[in-house]
Amino acid sequence: MNNAVNDGVWSGSWVAERLGVQLVGDDELTQMLGLALRRNPKRAHLLVSNVLGKHVPQSPSVVYGAGFALGRRVRELLGDEEAGAAVVLGYAETATGLGHSVADGVGSGTYLHSTRRPVAGVARAGGFEESHSHATSHLLLPEDPALLAGDGPLVLVDDEFSTGNTVLNTVRDLHARYPRRRYVVVALVDMRSAADASRLADFAREIGARVDLVTAASGTVRLPEGVLEKGQALVARYEAESAVEGESSSAGASGLVAQFPAPLKAGVEVADPQGARGTARSTPTGPHPAHEPTHPHITRIDLHWPPGLPDGGRHGFTPTHRKRLEAALPAMTARLAEALPADARRVHVLGFEELMYAPLRLARELEQVAEGVEVRYSTTTRSPVLAVDDPGYAIRTRLAFPAHDDPADGPGERYAYNVAGAGFDAVVAVVDSTADTDELHAPEGLLAQLAEHTPHVLLAVVPSYVPGPQALPERPPMLPEPLRGPAFSSYAPEEVGWLLQDLSDVTLEAPTEEREEAIQSGGAHYAESLPVEYQPSEQYQELFHTALEESSARLAQAVGAVTELVLAERSPRPVLVSLARAGTPVGVLMRRWAQFRHDLDLPHYAVSIVRGRGIDANALRWLAAHHDPRDVVFVDGWTGKGAITRELTAAIREFEASDGITGFDPEIAVLADPGSCVRTYGTREDYLIPSACLNSTVSGLISRTVLRSDLVGPHDYHGAKFYRELAGADVSVAFLDAVAARFPEVVDAVDATAKELLSADRAPTWEGWAAVERISEEYGIHDVNLVKPGVGETTRVLLRRVPWKILARAGAGADLDHVRLLAEQRGVPVEEVAELPYTCVGLIHPKYTRGATGADGRAVNL
């Protein structure tokens, strides 16, 4: 009964004779399809595939080979390049395994299947209706929200095309969200009428996309007038006769097995296929790895499924996932084979609704390694179909049992067809952990039903993959290697690796006034554009060089002190990770000190962190893949009020929750901590760090980092620009060399400072944050984000933002020379304050509009 043609009898002849239904088309059509009846108000007949592995047990090699062959044809149609960019989408529940097999044949694309199981915490990327189905709503729940957003071909896979409505609904929904140039529609059989076929072609022209079709066979179903009513009457008659005769839905012995009970409801007693009575429960019980078998012939198998490997394509299945599964299959199949009884000669592997691919691959592997064993494969289903024990009918027997995965649409019956009475020596039921519930193990459940028809039942549970903290989300296997100079930045390649993407060819600069208006109005985030790079005057450049000459020894001492703290307390071989871009020169100097004093060659990288958006998670993933996160030390230039310190702490906590990767310490090591926000610092004095005086020309000619959705995708690093055209004004290496040249003379001072700091109470007091809050209120600003404390932050206000006024500590000397010059050039008042916890504080214009500056761009007092 496992073939479409048995003893010369086509398995669709019973329906054809009684309803006048005809299959017309390719010669192999009747080899591939049989017919059955179902209770459905939209379509009475059911095309039953002999090669799909859903209703009819079949050789797993035949099932997998049918889908794989279609995938190879798709690859030939698209070519290798387009195939590599393709996404394959299969339809739940019937075509989830077929779509997976097609994706394998395509070879290099990612697979996703629709689902009828909503998953908490996973956002919908689309949905559509299957108009003729008994359960219509399809959800698309990719873990990667950008999965469907590319321009590569979308390959849609279903078991059959009857009218093409499902494909039209899918393309209509997805094309509105994610338009693309090309679609490929794949099916085992194309049974559309000529009118339906032309409708799809018209739709393709309407949306301006190319739609190709790949099928294994084609034909049409000729339906006589009134066939739906006749079919419903036939089903009703057989149901009534079955009820009168008291036939079991699994007996398959009298030539008739037919029952279509109403959907189960919680607490309602129902008759099982053997006449036993029990209670269907709707309360979810979750996975139950410790379930004891309720039948002496039921054995649980631990497959040792690879941790974090998705059980299928519900949330996406990537080429990397495919490689992991291929590598793990032999060992998992060996465990399955070892659990089979020694005398088993006919074994059936039974999948579970949407979980088709994992059991199919296990069954195919078992078929290849188990000598002398005939292996067959099919899955359970939601679809209610009349069972008739006749060689001319495709569904000979039916097991009915309560749903056991707490379905979103409530409890109901589920079915396994053509398994009872098939003479299997053993049945291996493969379910996901969501479905390993009390209902599965109940006296009326699937396992007990199977045990009535085979001497051995084995249960294999595959962990249900849930994106988020419960499972490691899959990311692209190879994030790009760090960018290095001279291709990106003017630093030597060994000095720093930039975990950024190069946006040098993108115009990102906007006038400062326009940026400020957009930022303060909420219309744009500051990281979505760049200020026009400030070009210092000759007088300003002289100030920089004078400040560098006068402060280089003090800087060298602070560099040495903070590096010694890191080596003593954080890690003997730290991985320095600078927060681009202000932290980058400091990270390079710390690396140079470690090399100078300890002969250590420390790795050093620069990553992006954006206030309000967090740290670049892809950069963290790269770091975790190449280094122990416990060795990573984040480096910045200085603290102001501590906003970035708080931002990094929150971002690391969020990253641990999303990726399950722990070990990163959010404590920042800084050269100067005037805000008292961190424990690891070289000094807490607020003095001029010359690298704060300039922008890219003291930071390797790299811009501030950029995070904008149209430029930075979910698997991209944040971006930045390399200003090669400013090479003539670049002092980046000169700054590093000037400070490093003072290392030998500050060794003793560094040792003394480090000793003092190591024994001191360095707990952050957050004095800076308190001062900023006080200033914000005293000056009527009422927004701490517009108050920038410290020499470094004040300089940034003057270089990048629209300043309102500068507060300077009374008596501050040469450290503020460059601030005073910039303020004079921009027409910004400098107000001396007697008791200021910082050397200076920059106030951004609190009520900025275009009219808040004069025609010459000079600030206007409120």
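Before any of the text, the structure's been laid out above.
Values in this document were obtained by computation on a predicted structure and should not be read as measured data. (Residues numbered from 1 in each chain as written. Predicted model: local features only at pLDDT ≥ 70, side-chain atom pairs only at ≥ 80, totals over all residues. Heavy atoms only, no water.)

Asker: Help me out: how do you make sense of the sheet that holds strand β10 (residues 154-161) in this one?
Answerer: Strand pairing in a sheet takes place through backbone hydrogen bonds and is either antiparallel or parallel in direction. Pairing in this open sheet of six strands is mixed, and the strands run β3-β12-β11-β10-β6-β7 from one edge to the other. Each having just a single partner strand, β3 (22-25) and β7 (110-113) make up the two edges of the open sheet. If you compare each strand with its neighbour and ignore which way they point, the axes differ by 25° on average. In this sheet, strand β12 (residues 210-222) lies alongside strand β11 (residues 182-190) in parallel orientation, the contact comprising eight bridges. The residue bridging V186 from the neighbouring strand is V214, located in β12. (Pairing = 2+ DSSP bridges. Helix = DSSP H or I, 4+ residues; strand = E, 2+ residues; numbered from the N terminus. Axes fitted to C-alpha atoms, helices over the stretch in contact; angles between N-to-C directions.)

Asker: Sorry if this is basic, but what is going on with the packing of helix α3 (residues 60-78) against helix α10 (residues 357-369) here?
Answerer: When two helices pack together, their arrangement is given by the angle between their axes and by how far apart the axes lie. Between α3 and α10, whose axes approach to 8 Å, the crossing angle comes to 125°. Taken together, the axes of α3 and α10 are oblique relative to one another. Between α3 and α10 lies a crossing of left-handed hand. Facing P60, S61, V63 and Y64 of α3, the residues of α10 in contact are Y357, L360, R361, A363, R364 and E367. Each residue belonging to the contact of α3 with α10 can be placed in one class, and the counts come to six nonpolar, one polar and three charged. (Parallel < 35°, antiparallel > 145°, perpendicular 65-115°, else oblique. Left-handed = near helix turned anticlockwise from the far one by under 90°. Contact = heavy atoms within 4.5 Å. Nonpolar A, V, L, I, M, F, W, Y, C, P; charged D, E, K, R; others polar.)

Asker: Help me understand the packing of aromatic side chains, please; the structure alone is not making it clear to me.
Answerer: On inspection of all chains with the given rule, the structure shows 13 aromatic pairs. When the centroid spacing of 5.8 Å and the interplanar angle of 35° are considered together, the rings of Y64 and F68 count as tilted. Of the two residues, Y64 and F68 both sit in helix α3, four residues apart, roughly one turn of that helix. In this structure Y64 comes out as buried when scored by relative accessible area, which is 6%. Exposure remark for F68: the relative accessible area of 26% places this residue in the partly exposed category. Of the aromatic side chains, those joined through ring pairs into one cluster are F488, Y491, W498 and F722. Over the aromatic face of W766 sits the side chain of R646, whose NZ or CZ is 4.5 Å from the ring centroid. (Phe/Tyr/Trp six-rings, centres within 6.5 Å; stacked < 30°, edge-to-face > 60°. Buried < 20%, exposed > 50% of the residue type's maximum accessible area, 1.4 Å probe, protein only. Lys NZ or Arg CZ within 6 Å of the ring centre and 35° of its normal.)

Asker: Mind showing me how you'd approach helix α15 (residues 583-598) here?
Answerer: Three or four residues apart is the spacing at which side chains of an α-helix point the same way, because the helix has 3.6 residues per turn. For α15, built from 16 residues, the straight-helix expectation of 22 Å at 1.5 Å per residue is met to within 8% by its first-to-last C-alpha distance of 22 Å. With 12 of 16 residues buried, α15 lies mostly within the body of the structure. Buried within α15 are the following residues: G583, T584, P585, V586, G587, V588, L589, M590, R591, R592, W593 and A594. (Expected span 1.5 Å × (residues − 1).)

Asker: Is there a simple way to think about the nonpolar core in this case?
Answerer: When a protein is soluble and globular, its nonpolar side chains tend to lie buried together. Judged by nonpolar contacts, the single largest core of 132 residues is most densely connected at L23, L37, L148, V155, V186, Y393 and L450. The biggest single contributor to this core is β11, with seven residues. In contact with V155, not counting residues within four places along its chain, are V74, L78, A86, V87, V88, L89, V184 and V186. Within the second largest apolar cluster, 77 residues are counted, among which are L548, L589, A812 and L821. (Core = buried A, V, L, I, M, F, W, Y, C linked by side-chain atoms within 4.5 Å.)

Asker: Teacher, can you tell me more about unusual backbone geometry here?
Answerer: Generally, phi is negative for residues other than glycine and the peptide bonds are trans, each holding for most cases. Look at the link from A92 to E93: it is a cis peptide, with omega at -5°. With respect to the helices and strands, E93 occurs in the loop between β6 (87-90) and α5 (96-106). In the segment running from A580 into R581, the intervening peptide bond is cis, with an omega of 0°. Summarising the element assignment, R581 is placed in the loop between β26 (575-580) and α15. Residue S489 is not a glycine yet carries a positive backbone phi of 95°. Note that S489 resides in the loop between β21 (457-462) and β22 (497-498). The residue D599 is not glycine, and still its phi comes out positive at about 55°. Among the secondary structure elements, D599 is positioned in the loop between α15 and β27 (604-610). The exposed category is assigned to D599, whose relative accessible area is 70%.

Honestly, it's all geometry; don't read function into it.
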